[in-house]
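Residue strings, one per chain:
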Amino acid sequence: MDEIDDEGLRDDPDYLKKDTPYKVKYIFMMYLNLVGHPKVAEIEASQIEKLRISWATTKNFVDCDIFVMRHMEMYMGNHTSAWDYGFPKDKRAKKTKCSLLRKKYTYKLLTCDINRHKDRVLKEANDLDNETNK
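The name given to the chain in an unreviewed UniProt entry is Ubiquitin-like protease family profile domain-containing protein, with Mikania micrantha as the source organism.

Next up, the structure:
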């Protein structure tokens, strides 16, 4: 029997019919059970709650990676009411912010010391810059 809460999230015994948050929780619970985590029962009993975010989007599937990266960058364990990641509500301003963050994260990933290809990436970028400035 399907269980639909008042937030519009669907849980279902059939994995394929679950909404994404329930699938994530299901897989996470499988992992916690596998490693014998001491709080597995407590976490499993917790309810999924849909958070209302003022800057949330419903059709922007392109920038979901940027939203996740910003969340990982800014989250400090604070309550959801204190989440302010600097995303404007205005669609155009949000797109500009996402574009800037995409450049920032790309630069940091490509030039971090743990990147084995860092030197090659920088050389190719420098060569491209020299080529375009001719």
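Enquirer: Could you give an account of the pattern of salt bridges, naming the residues involved and the relevant values?
Expert: Considering all chains together, one arrives at 8 salt bridges under this definition. A salt bridge links Asp 11 to Lys 18; the shortest N-O distance between them is 2.6 Å. Judged by its relative accessible area of 11%, Lys 18 falls in the buried class. Residues Arg 102 and Asp 63 are paired through a salt bridge, measuring 3.1 Å at the closest nitrogen-oxygen approach. Of the two residues, Arg 102 is situated in helix H4 (residues 91-111) and Asp 63 in the loop between helix H2 (40-45) and helix H3 (64-74); the sequence distance between them amounts to 39 residues. Residues participating in the shared-partner salt-bridge network are Asp 63, Asp 65 and Arg 102.

Enquirer: Break down the side chain of Arg 70 for me, citing the residues and quoting the values.
Expert: Note on placement: Arg 70 falls in helix H3. The contact partners of Arg 70, leaving out residues within four places of it in the chain, are Tyr 85, Phe 87, Lys 97, Leu 101, Lys 104 and Tyr 105.

Enquirer: Describe in detail the confidence of the model for the chain, supporting the description with residues and values.
Expert: Counting all residues, the mean pLDDT for the chain is 85, and 94% of those residues have values of 70 or more. Taken together, the stretch residues 1-6 has pLDDT below 50 and engages in 11 contacts with residues farther than four places along the chain or on a different chain.

Enquirer: Quick one: what's the story with H3, residue by residue and with numbers?
Expert: Every buried residue belonging to H3 is among Ile 66, Phe 67 and Arg 70, and all of these are buried. For H3, the buried positions fall inside an angular range of 100° around the axis, keeping them on one side. In this structure, the buried side of H3 is in contact with H4.

Enquirer: Explain the nonpolar core residue by residue, including any values.
Expert: Among the nonpolar cores identified, the biggest contains 8 residues, and these are Trp 55, Ile 66, Phe 67, Tyr 85, Phe 87, Cys 98, Leu 101 and Tyr 105. At the level of secondary structure, the elements contributing two or more residues to this core comprise H3 and H4. Broken down by element, the residue count for this core peaks at 3 residues, all from H4. Beyond its immediate sequence surroundings of up to four residues, Ile 66 is in contact with Phe 87, Cys 98, Leu 101, Arg 102 and Tyr 105.

Enquirer: So what's going on with the packing of aromatic side chains? Which residues, and what values?
Expert: Scanning the model with the defined rule gives 2 aromatic pairs in all. Judged by centre distance (5.4 Å) and plane angle (45°), the rings of Tyr 15 and Tyr 26 are tilted. Of the two residues, Tyr 15 is situated in the loop between strand E2 (10-11) and helix H1 (20-35) and Tyr 26 in helix H1; the sequence distance between them amounts to 11 residues. Since its relative accessible area comes to 30%, Tyr 15 is described here as partly exposed. Judged by its relative accessible area of 40%, Tyr 26 falls in the partly exposed class. Their ring planes at 75° and their centres at 5.0 Å tell us that Phe 67 and Phe 87 sit as a pair that is edge-to-face.

Criteria and thresholds
- Residues numbered from 1 in each chain as written.
- Predicted model: local features only at pLDDT ≥ 70, side-chain atom pairs only at ≥ 80, totals over all residues.
- Heavy atoms only, no water.
- Salt bridge = Lys/Arg side-chain N within 4 Å of Asp/Glu carboxyl O.
- Buried < 20%, exposed > 50% of the residue type's maximum accessible area, 1.4 Å probe, protein only.
- Helix = DSSP H or I, 4+ residues; strand = E, 2+ residues; numbered from the N terminus.
- Contact = heavy atoms within 4.5 Å.
- pLDDT = per-residue confidence, 0-100.
- Arc of directions from axis to C-beta.
- Core = buried A, V, L, I, M, F, W, Y, C linked by side-chain atoms within 4.5 Å.
- Phe/Tyr/Trp six-rings, centres within 6.5 Å; stacked < 30°, edge-to-face > 60°.

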